Amino acid sequence: MKKLLLIILLLGIGGVGGCTAHKLLSEKDNQKVQITHNPKEIKDHLRYLESSLDSLHHLKPNPIPGEWLFHNRELRQYPHQFLEAHPSILDEDKQKIYIQPIGSFTPMQTDILTKTAAYLTVFYHVPVEILDSVSAAEVPSHARRKNNFGNEQLQTTYIMNKILQPNVPKDGRAVMGFTAYDLYPNDDYNFVFGQGRIGGEVGIYSIARFGYPDWDSTEYSMVMQRTFKVASHELGHIFGFRHCVDYECLMNGSNHMDETDRKPFYLCPLDLLKVTQGMGIDEIYRFQKLADFWRELGYSEQEEFYLECIRLLESSKNRKEGGIHNN
């Protein structure tokens, strides 16, 4: 795909952290710490995570026709390479993530939006705030069209360039558009679930094709989990993560909904290390917060996954300690 390193189209989508050299500050100043990384220690820590969590993570098999990696040749992005370019995921003066709703939503779609903001807060250990909704009427006729079902679509590039980018708050690391309208980037595509700029400040995704959460609890759960996956995947791109090609991982590329549904909700050891080192946090601390989140939602399978991660790291003979938030 052209400009792969700059733009990601979601096509269908269409231990304890150590190794961080830092000066301990007060809780108030923790988010502004300047993080540096030792490449050898990062590689050693990756081996620790991979060996400790080996039973929970699976290598990605050879792709088959129709899957993302069969049609898109991508190179792996090791944690030390990522952290060399992005020592800290957040900028010193840009500490928040904003979600910009576009258009109107049903009651259950609104509820999912609220839960998605809470999920991203825990998943990336970053403050997330929902902005007041922007009317879809702000997208002009030349940036709209009808899809194959006769439903209106909004153009992602117009929204990112004309609505989101000019209005990124001063303290905003990124603004993510959220809409129930179907999306398209240009006339070469039938639709996309979302689009985001790797290492940029803006992205947008749609829940239009995820299902109908107001129908019943089963449909609601499906739409919510799909939204969590796409939102956390897309924000990862904005932070600078490329697609994962080594493991079954949240950051795998997807060509269609079935591939998205098969993708796990968690990060592989390589991408986990990017988050914990890039944020200067402790893996066990993060896992416990995620286990608590899923338990409060009533999802025992996801809760148990993170609790098992904690048990494996705590029992590892090579256990490492460190990180800013490690309690």
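My aim in this report is to walk through the structure given alongside it, one point at a time. Since we're looking at a predicted model, the values are computed, not measured. Per chain, residue numbering runs from 1 following the sequence as it is written. It should be noted that, the model being predicted, local features are given only for residues of pLDDT at least 70 and side-chain atom pairs only at 80 or more, the latter also being counted only at that level, while totals for whole chains, interfaces and linings use all residues. For side-chain calculations, the full set of non-hydrogen atoms in the structure is used, while hydrogens and water are omitted.

Structurally, N252 can be placed in the loop between α6 (217–239) and α7 (257–262). Note on contacts: a residue pair is in contact if any heavy atoms of the two residues lie within 4.5 Å. Apart from residues lying up to four places away in sequence, N252 is in contact with K60, H233, H243, C244, Y247 and K263. Numbering goes from the N terminus for both helices and strands, where a helix is a DSSP run of H or I of at least four residues and a strand is a run of E of at least two.

This next bit is on the packing of helix α4 (residues 107–124) against helix α9 (residues 283–297). Angle between the axes and distance between the axes: these two values describe a pair of packed helices. Geometry is summarised by axes, namely lines fitted to C-alpha atoms with helices restricted to the contacting stretch, and by angles between N-to-C directions that run from 0 to 180 degrees. Their axes nearest at 9 Å, the elements α4 and α9 cross at an angle of 160 degrees. Taken together, the axes of α4 and α9 lie roughly antiparallel to each other. Along its contact with α4, which presents K115, A118, Y119, V122 and F123, the element α9 presents R286, K289, L290, F293, W294 and L297. Three classes are used, and their members are as follows: Ala, Val, Leu, Ile, Met, Phe, Trp, Tyr, Cys and Pro are nonpolar, Asp, Glu, Lys and Arg are charged, and the others, Gly among them, are polar. Along the lines of polarity and charge, the residues of the contact of α4 with α9 split into eight nonpolar, no polar and three charged. In what follows, roughly perpendicular refers to angles from 65 to 115 degrees, roughly parallel to angles under 35, roughly antiparallel to angles over 145, and oblique to any angle outside these ranges.

Before going further, it helps to examine the pattern of salt bridges. Here a salt bridge means any side-chain nitrogen of Lys or Arg lying within 4 Å of a carboxyl oxygen belonging to Asp or Glu. Taken as a whole and assessed by the stated rule, the structure comprises 18 salt bridges. A salt bridge links D44 to K40; the nearest nitrogen and oxygen atoms lie 2.9 Å apart. On the criterion of helical spacing, the pair formed by D44 and K40 is a turn pair, its members being four residues apart in helix α1 (residues 39–52). We note a salt bridge from D261 to R226, for which the minimum N-O separation is 2.8 Å. With a gap of 35 residues between them, D261 in helix α7 and R226 in helix α6 connect regions that are remote in the sequence. Exposed residues in this analysis have more than 50% of their type's maximum accessible area, buried residues have under 20%, and partly exposed residues fall in between, with area computed by a 1.4 Å probe over protein chains only. Taking relative accessible area as the criterion, D261 reaches 37% and is therefore assigned partly exposed. Salt bridges sharing partners connect three or more residues here, namely K40, D44 and R47.

Locating P140 in the fold gives a position in the loop between β5 (128–130) and β6 (144–146). What makes P140 partly exposed here is its relative accessible area of 22%. Along the sequence, P140 and Q155 sit 15 residues apart, while their C-alpha atoms lie 9.6 Å from each other.

Relative orientation of the contacting elements α1 and helix α8 (residues 269–279) amounts to 125 degrees, with a least axis distance of 10 Å. Considering their axes alone, α1 and α8 lie oblique with respect to each other. Judged by the twist between their axes, the crossing of α1 over α8 is right-handed. Two secondary-structure elements touch here, α1 through I42, H45, L46, L49 and E50 and α8 through P269, L270, L272, L273 and Q277. Considering only residue class, the contact of α1 with α8 consists of seven nonpolar, two polar and one charged. What makes a crossing left-handed is the near helix being turned counterclockwise from the far one by less than a right angle; a clockwise turn instead makes it right-handed.

This paragraph deals with the side chain of E67. With respect to the element layout, E67 can be found in the loop between α1 and α2 (68–71). The exposure class assigned to E67 is buried, which follows from its relative accessible area of 14%. Excluding its chain neighbours within four sequence positions, the residues that come into contact with E67 are N255, E259 and R262.

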